[in-house]
Amino acid sequence: MLRFRKADNSPARSKPSEKAVRGLLHAGAAAVVGVSEKKMNMARIIANNIVKAGFPREHTYIVKDGPAEIDGIKCVPSPAALPEAVDMYVVAVPSPEVPRVIAEAGESGKVNGVVLISGGMGEKAGSEGMAGTVVEALKRARAKNPDFAMNGGNSMGIVLNGSKLNTFFIPEYKLARPIGENPFHAKTAFVSQSGAFVISTMSKMPSLKPAYCVTVGNQQDITVPDYVESLAGEKDLKVILVYIEGFKPGDGLALARVISKARANGKQVVLYKAGRTAVGQKAVMGHTASIAGDYLVTRLIMERSGALVADSFDEFCDLSAMACSFAGYALKHGNTFLFSNAGFEAAGMADGVGGRLTIEIGRPAAEAIERTLKEHRLDSIVDAKNPLDITPMATDAAIGGALKSALAAEEFSGALVSMVPLTAAMNTVPKGGSWPDDLEKSFLKEAAGAARAAKKPLVFCCAAGERFEPYCAHASALGLPVFRSADRAVKMYRRYLEYVLP
């Protein structure tokens, strides 16, 4: 279906330079505007988060006239007084002050990149004039410095793991520090219009530690496609996670093009597009002042360009976990070993098989699994098949042995294991009290190591309640994507296989 409208004759967007975007992604110096001496306001939280993350204190500044320092961070009276050029100039001031602050930053010649935390410019009714004033200040700044650019407004901030720079305004007791590295994840970038979406996702997925975490806000200057285009050229980056609500004129096709570029460079792109309905589009307009567009058209274009498009927030988390865990593996087929200790799960997993997900089992793999069953005296009640229901009597040693045999088999490209953890035969709760369990004796550690050695995906499911949260956290810490229902795990893994297989 095609719909036509009158052409937009407004001037083309002044796109920031590649150098400007890369400057924000590889910042060497940072400054914060809006810090209070008297209270722990948003800007002061940001300043403290910067130095607590490990960013060099000697390259961190607070722009404030009067005090020599706040919280041990040097203060300067104006951006012109900065002793060096600053790549990330974080602005968290009341919205009426923003145009002046942006103008001063541009005129100083000391600021290359602005991260505008302040909102209320363009996304709120009646604030269009203020947004226009900010745009004019940007134009003047860019005339003086072609590599001047702004992220935001209404941004949560930017986190750069390589630079140890955290400009989120979330206190550390609310969210584990986003700085750090997951040794079991592929190098990842997270680009989102919504800052709340990022921190919500990272709170639910504490193992997620993106190398670049950019919240773009209302895209008054730099847009989501600008960042994705820059990141598409990062050689060692394997995954780009994208949340987008709406597009500036021309940015829909621009995003499609840069996703194609990223896929051509061997990257996986997981995308969630908000604003699918008329009601949702109105919500987008009120949040980030963007054009939501027709969802079906957008989805088809993005999928054709090489994005793995999530249908829900939960799917975004599930597919992101798989991409981050498995992007370094070169899968040739989707024949997968499905493994449980409960009949209902084995049947439920089998119901999800189809498409690129197959469950064929040949004689060599069956014989290897049968030897493990015989070793643990399970051969009289269990046959080697796929899916395999090993029964609740199986110990961690039996489960681990069968799983390692399957992962070593050439016919399986990966495995999905879902063990109901309430059986007394397994170690599924932390060591302590009068019970014999010890998570260190679980099959998980050796199985995760075997999967990594074989360079094959291993998906873990724990179909039980909150008592087993530590068990799930243990699996996640070992680099495994964790699910709480086997049928959902199969569904998501099937979607992932259909995305990555040639």
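Everything that follows concerns the structure shown earlier in this document.
Residues numbered from 1 in each chain as written. Predicted model: local features only at pLDDT ≥ 70, side-chain atom pairs only at ≥ 80, totals over all residues. Heavy atoms only, no water.

Participant: When you look at the packing of aromatic side chains in this model, what are you seeing that I'm missing?
Facilitator: Centre-to-centre distance and the angle between the planes together describe a pair of aromatic rings. If you walk through the whole model with that rule in mind, you get 13 aromatic pairs. Between Phe190 and Phe197 the ring centres are 6.2 Å apart and the planes differ by 90°, which places this aromatic pair in the edge-to-face class. Both residues of the pair, Phe190 and Phe197, count as buried. Between Phe197 and Phe316, the ring centres sit 5.1 Å apart and the planes meet at 65°, which makes this aromatic pair edge-to-face. Linking Phe197 in helix 5 (residues 195–204) with Phe316 in helix 10 (residues 313–326), this pair joins segments that are 119 residues apart in sequence. An identical accessibility class is assigned to Phe197 and Phe316; each is buried. (Phe/Tyr/Trp six-rings, centres within 6.5 Å; stacked < 30°, edge-to-face > 60°. Buried < 20%, exposed > 50% of the residue type's maximum accessible area, 1.4 Å probe, protein only. Helix = DSSP H or I, 4+ residues; strand = E, 2+ residues; numbered from the N terminus.)

Participant: What is the right way to read the sheet that holds strand 1 (residues 30–33) from this model?
Facilitator: The pairing of strands in a sheet comes from backbone hydrogen bonds and takes either a parallel or an antiparallel form. The strand order across the open sheet built from seven strands is 3-4-2-1-5-6-7, with neighbouring strands paired in mixed fashion. One side of each edge strand has no neighbouring strand; the edge strands of this open sheet are strand 3 (69–70) and strand 7 (149–152). Strand direction decides the pairing type here: strand 1 and strand 5 (residues 88–91), joined by four bridges, are parallel. Within strand 5, the residue paired with Val32 across the bridge is Val90. Along the sheet face, helix 2 (residues 42–52) touches strand 1, strand 2 (60–63), strand 3, strand 4 (73–76) and strand 5 and points at about 165° away from the line of strand 1. Strand contacts of helix 3 (residues 98–108): strand 1, strand 5, strand 6 (113–116) and strand 7, with the helix running at about 165° to strand 5, the strand carrying the most contacts. (Pairing = 2+ DSSP bridges. Contact = heavy atoms within 4.5 Å. Axes fitted to C-alpha atoms, helices over the stretch in contact; angles between N-to-C directions.)

Participant: Can you help me understand the nonpolar core in this one?
Facilitator: Burial of nonpolar side chains together is a common tendency in soluble globular proteins. Among the nonpolar cores identified, the biggest contains 107 residues, and Met88, Tyr227, Leu255, Met302 and Tyr493 are the most heavily contacted of them. Among residues more than four places away in sequence, those in contact with Met88 are Leu24, Ala27, Ala29, Ala30, Ala31, Gly113, Val115, Ile158, Leu160, Leu165 and Thr167. (Core = buried A, V, L, I, M, F, W, Y, C linked by side-chain atoms within 4.5 Å.)

Participant: What should I look at first to understand the sheet that holds strand 13 (residues 268–273) in this one?
Facilitator: Strand order across the open sheet formed by seven strands is 9-8-11-10-12-13-14, with mixed pairing between neighbours. Of all strands in the sheet, those bounded by a partner on one side alone are strand 9 (165–166) and strand 14 (307–309). Two elements, strand 8 (residues 158–160) and strand 11 (residues 212–215), share three bridges in a ladder whose sense is antiparallel. Note on strand 11: the bridge partner recorded for Leu160 is Tyr212.

Participant: For this particular structure, what's the right way to read the pattern of salt bridges?
Facilitator: Once the charged atoms of two side chains with opposite charge are near each other, the side chains can pair. Applying the stated criterion to the full structure yields 22 salt bridges. Notably, a salt bridge pairs Asp147 with Lys19, separated by 3.8 Å at the nearest N-O pair. With Asp147 in the loop between helix 4 (128–144) and strand 7 and Lys19 in helix 1 (residues 18–25), the pair connects residues that are 128 residues apart, well separated along the chain. Salt-bridge contacts for Lys445 lead to Glu440; the nearest nitrogen and oxygen are separated by 4.0 Å. Judged by its relative accessible area of 48%, Lys445 falls in the partly exposed class. A single network of salt bridges, built from pairs that share partners, joins Arg299, Glu303, Asp311, Glu315 and Arg495. (Salt bridge = Lys/Arg side-chain N within 4 Å of Asp/Glu carboxyl O.)

Participant: Can you walk me through helix 2 in this structure?
Facilitator: An α-helical segment advances 3.6 residues per turn. Residues three or four places apart therefore align on the same side. A large share of helix 2 lies buried, amounting to nine of its eleven residues. Each element contacted by the buried residues of helix 2 is listed here: strand 1, strand 2, strand 3, strand 4, strand 5 and strand 9. Directly after helix 2, the chain includes Gly54, whose backbone phi takes a positive value near 105°.

Participant: Whenever I open this one, helix 3 confuses me. Can you help?
Facilitator: Counting buried positions over the eleven residues of helix 3 gives eight, a clear majority of the element. Backbone geometry just downstream of helix 3 places Gly109 in the positive-phi region, at approximately 75°.

Participant: Can you help me understand the packing of helix 7 (residues 251–264) against helix 9 (residues 295–305) in this one?
Facilitator: The angle between the axes and the distance between the axes are what describe a pair of packed helices. Contact geometry for helix 7 and helix 9: axes closest at 8 Å, N-to-C directions at 25°. With respect to their mutual orientation, helix 7 and helix 9 come out roughly parallel. The handedness of the crossing between helix 7 and helix 9 is right-handed. Residues Gly252, Leu255, Ala256, Ile259, Ser260 and Arg263 of helix 7 pack against Ile301, Met302 and Ser305 of helix 9. Of the residues assigned to the contact of helix 7 with helix 9, the class counts are five nonpolar, three polar and one charged. (Parallel < 35°, antiparallel > 145°, perpendicular 65-115°, else oblique. Left-handed = near helix turned anticlockwise from the far one by under 90°. Nonpolar A, V, L, I, M, F, W, Y, C, P; charged D, E, K, R; others polar.)

Participant: When you look at unusual backbone geometry in this model, what are you seeing that I'm missing?
Facilitator: Trans is the prevailing form of peptide bonds, just as negative phi is the prevailing case for residues other than glycine. In this chain, Gly152 is followed by Gly153 through a cis amide linkage whose omega measures -5°. Across the junction of Asn386 and Pro387, the peptide omega takes the value 0°, indicating a cis bond. The residue Pro387 is located in the loop between helix 12 (363–375) and strand 16 (388–389) in this model. The phi dihedral of Asn154 falls on the positive side, at around 60°, and the residue is not glycine. Tracing the chain through its elements places Asn154 in the loop between strand 7 and strand 8. For Lys455, which is not glycine, the phi dihedral falls at a positive 55°.

The quantities given are spatial measurements derived from coordinates; they are silent on function.
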